[in-house]
Amino acid sequence: MAAVTERRQPEMVGEATFAGLAQPGIRALKAYDPGHDLVALRRRFGTERLVELGANENPYGPSPAARQAALEALETAHRYPDPLGGGLKRALAERLGVAPAQLLLGNGSHELLMQFAQVFAGPDAAVAMSQYGFAVYALAAQAAGAPLQFAPAWAPDVAMPRGHAPDALASVVSARTRLLYLANPNNPTGTWIAADALAALLARLPDEVIVVVDEAYAEFADAPDYRSALSLLPRHRNLVVTRTFSKAYALAGLRVGYAVADAGLVAVMERLRESFNANSVALAAATAALEDEAHLQRVVSANAQQRPLLAEALRARGCFVHPSQTNFLLAGFGEEEAATAVEVGLLQRGVVVRPMAGYGLPQCLRITVGTADENRRLLQALDEILK
Ligand SMILES: *Cc1c(COP(=O)(O)O)cnc(C)c1O
């Protein structure tokens, strides 16, 4: 091994040289920013002392049954996974009341979000999304060489500050729009579109626009006016709902997500799906996780208990906290300098949150709702900084 590491690297040609050889959509693309170098931070602080509230992960961990199923699946890791993901699809189909043919499995839903643009968007097929929509949508559109149509979000001083504005979304859609992405609830704002407003928006959009409603946080939503778009599927063949096992099911490290849509739409997506994109360990764990409803309920209740407590504590410290139906809060600190000082101060104290400058919100930080203990450590560090 030593000989390998000591060998001199060949001279590198600049990234720009190869970018010039890449497809037009890729030339100007910036790679998705996954946040801080957590591997280095864990080494520096130790996993026990580091408080990781930057990636909307589930602090309670997966169902023990999912863990067990993953371990058992390792016994057959020398075999390729089921290329059709049949077991998980059957379980999901039963749970959601859809046909297995309406399901598409992904290596995380991120993969599927990218693939929708590969399949449906391009230089003559534009992509519509809301300001403060999830960053992956813009990346997917750019990679496909598709024009982006941004709809302005609600103002910061209304009931759903910086949330998606359905009228604005409907009016950026034009004859050349082929794909519309919308997270409900949204990341990074935590805001949501009410059930009747979403239904009305779908009714206004042409059938030729594929509407991807990203429900990565749906399991956490409990507002009386929130409803999953799954119930709208029978009425809209252009509707796609994506979900993930990364958040409420706490399997982020295993990478499983799925889309629910018209079977014909799924069949077209299948043409481009990598045959073994969902691995066998992930398939087994996700299937078991889905069956452990009690575990999911414990996670969701714990989050529902902690979320308002953390929001209130942040408000008491002068933050502007956006309404949230997720497992994170978008907190405004007034000025960019204040948010940066808090972010840096928290990091020095081993508390990781997510800066929002990439979203055009440099005055905000996105903070995962942690366990009671994690939230207490966050607030304690915040108090030291604000003192
Ligand atoms: C976390 C997240 C996802 C899920 O990503 P995975 O690839 O399934 O881990 C999708 N959409 C949004 C808005 C998210 O925040």
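Throughout this document, residue positions are counted from 1 along each chain, in the order its sequence is written. Where local features are concerned, this predicted model is filtered to residues with pLDDT of at least 70; where side-chain atom pairs are given and counted, the filter is 80 or more; whole-chain, interface and lining totals use all residues. Side-chain descriptors were evaluated using all non-hydrogen atoms of the structure, hydrogens and water having been removed beforehand.

1. As for the packing of aromatic side chains
Stacked, tilted and edge-to-face are the three classes applied to pairs of Phe, Tyr and Trp rings, where Trp contributes its six-membered ring and a pair requires centres within 6.5 Å; stacked means planes under 30 degrees apart, edge-to-face means over 60, and tilted covers the rest. Applying the stated criterion across every chain, the model contains six aromatic pairs. Arranged with centres 4.6 Å apart and planes meeting at 5°, the rings of Tyr 137 and Tyr 181 form a pair that is stacked. In this pair, Tyr 137 is assigned in helix α8 (residues 135–143) and Tyr 181 in strand β5 (residues 177–183), connecting sequence segments 44 residues apart. The class of Tyr 137 is buried, set by a relative accessible area of 1%. Charges are assigned to positions over rings by a cutoff of 6 Å between ring centre and Lys NZ or Arg CZ, combined with an angular limit of 35 degrees from the ring normal. The aromatic ring of Phe 328 is capped on one face by Arg 366, whose charged end is 5.7 Å from the ring centroid. Only DSSP runs of H or I with at least four residues qualify as helices, and only runs of E with at least two residues qualify as strands; both kinds are numbered from the N terminus onward. Relative accessible area decides the class of each residue, using a 1.4 Å probe on protein chains only: under 20% of the type maximum gives buried, over 50% gives exposed, and in between gives partly exposed.

2. Quick look at the domain arrangement of the protein chain
Accessible area lost upon the coming together of the parts is a frequently used measure of interface size. Here the limits of each domain have been adopted from an automatic or database domain assignment. Domain boundaries in the protein chain define domain 1 (32–60 + 294–386) and domain 2 (64–291). Put simply, the middle of domain 1 and the middle of domain 2, counted by C-alpha atoms, are 25 Å apart. Note on definitions: a residue-residue contact is assigned when non-hydrogen atoms from the two residues lie within 4.5 Å. Each partner contributes residues to the interface: domain 1 has 26 residues there, and domain 2 has 31 residues. Summed over both partners, the accessible area (1.4 Å probe) lost when two parts come together is defined as the buried area. Summed over both sides, the interface of domain 1 with domain 2 buries roughly 2400 Å², with 64% coming from carbon and sulfur. Interface area lost by domain 1 to domain 2 is led by Tyr 32, Gln 325 and Tyr 359, which between them contribute 30%. Measuring nitrogen to oxygen at the nearest pair gives 3.2 Å for the salt bridge that ties Asp 222 to Arg 307. The definition of a polar contact used here is a pair of N or O atoms within 3.5 Å, where within protein one atom must be able to donate a hydrogen and the other to accept one, and adjacent residues in sequence count solely through side-chain atom pairs. Put simply, domain 1 and domain 2 have 10 residue pairs in polar contact (both at pLDDT 80 or more) between them. Elements with a contribution of two residues or more to the side of domain 1 that touches domain 2: α13 (293–316), β10 (328–332) and β13 (364–368). Among the elements that take part in the side of domain 1 that touches domain 2, α13 stands out by supplying seven residues, more than any other. Note on residue classes: Ala, Val, Leu, Ile, Met, Phe, Trp, Tyr, Cys and Pro are nonpolar, Asp, Glu, Lys and Arg are charged, and everything else, Gly too, is polar. Per-class residue counts for the side of domain 1 that touches domain 2 are 14 nonpolar, 10 polar and two charged. Salt bridges are identified by distance alone: a Lys or Arg side-chain nitrogen within 4 Å of an Asp or Glu carboxyl oxygen.

3. As for the site of the ligand
Taken together, Gly 108, Ser 109, His 110, Phe 134, Asn 187, Asp 214, Ala 216, Tyr 217, Thr 244, Ser 246, Lys 247 and Arg 255 form the complete shell of residues around the ligand. Take Asn 187: an N or O atom from its side chain is 2.7 Å from an oxygen atom of the ligand. Contacts to the ligand include Thr 244, whose side-chain N or O atom sits 2.6 Å from an oxygen atom. Expressed as a share of its isolated accessible area of 380 Å², the protein-covered part of the ligand is 92%. By residue class, the composition of the shell around the ligand is three nonpolar, six polar and three charged. In this text, near means that some heavy atom of the residue lies within 4 Å of the molecule or strand in question. Exposure was quantified through the Shrake-Rupley algorithm and a 1.4 Å probe, taking into account, for residues, occlusion by the shown protein chains and nothing else.

4. Considering the sheet that holds β5
Neighbouring strands of a sheet are bound in pairs by backbone hydrogen bonds; such pairs are parallel or else antiparallel. Strand order in the open sheet formed by seven strands is β2-β8-β7-β6-β5-β3-β4, and the pairing between neighbours is mixed. Only two strands of the sheet have a single partner each, and these edge strands are β2 (103–106) and β4 (148–151). Between one strand and the next, the sheet's axes are offset by a mean angle of 20°, whatever the strand orientation. Note on pairing: DSSP must find at least two bridges between two strands before they are called paired. Across three bridges, strand β3 (residues 126–130) lies against β5 in parallel orientation. Across the sheet, residue Val 127 finds its bridge partner in β5, namely Leu 179. All axes are obtained by fitting lines to C-alpha atoms, using only the stretch in contact for helices, and the reported angles, taken between N-to-C directions, cover 0 to 180 degrees. Most of the contacts of α8 go to β5, to which it runs at about 160°, and overall it touches β3, β4, β5 and β6 (210–214).

5. Some thoughts on unusual backbone geometry
A cis amide bond links Asn 184 to the next residue, Pro 185, at an omega of -5°. Positionally, Pro 185 belongs in the loop between β5 and α10 (195–204). Each neighbour pair has its own omega, and for Asn 187 with Pro 188 the value is 20°, a cis peptide bond. The backbone of Ala 250 sits at a positive phi, close to 60°, despite the residue not being glycine. Its place among the elements puts Ala 250 in the loop between β7 (239–244) and β8 (257–260). Exposure remark for Ala 250: the relative accessible area of 14% places this residue in the buried category. The backbone phi angle of Arg 255 is positive, close to 65°, even though this residue is not glycine.

6. Considerations on the side chain of Thr 326
By the element assignment, Thr 326 lies in the loop between β9 (320–321) and β10. Within the structure, Thr 326 has its side chain in polar contact with the backbone oxygen of Phe 328 (distance 3.0 Å). With sequence-adjacent residues up to four places away left out, Thr 326 is seen in contact with Pro 185, Asn 186, Gly 190, Tyr 217, Phe 220, Asn 303 and Arg 307.

7. Description of the packing of helix α5 (residues 64–74) against helix α12 (residues 280–291)
Remark: α5 packs on α12, axes separated minimally by 8 Å, with the N-to-C direction vectors making an angle of 150°. As far as their axial angle goes, α12 and α5 are roughly antiparallel. In this structure, the crossing between α5 and α12 has a hand that is right-handed. On the side of α5, the interface is formed by Ala 65, Ala 66, Ala 69, Ala 70, Ala 73 and Leu 74, while α12 contributes Ser 280, Val 281, Ala 284, Ala 285, Ala 288 and Ala 289. Of the residues in the contact of α5 with α12, the class split is 11 nonpolar, one polar and no charged. An angle counts as roughly parallel when it lies under 35 degrees, as roughly antiparallel when it exceeds 145, as roughly perpendicular when it falls between 65 and 115, and as oblique in every other case. Handedness of each helix crossing follows the sense of rotation of the near helix against the far helix: counterclockwise by less than a right angle gives left-handed, clockwise gives right-handed.

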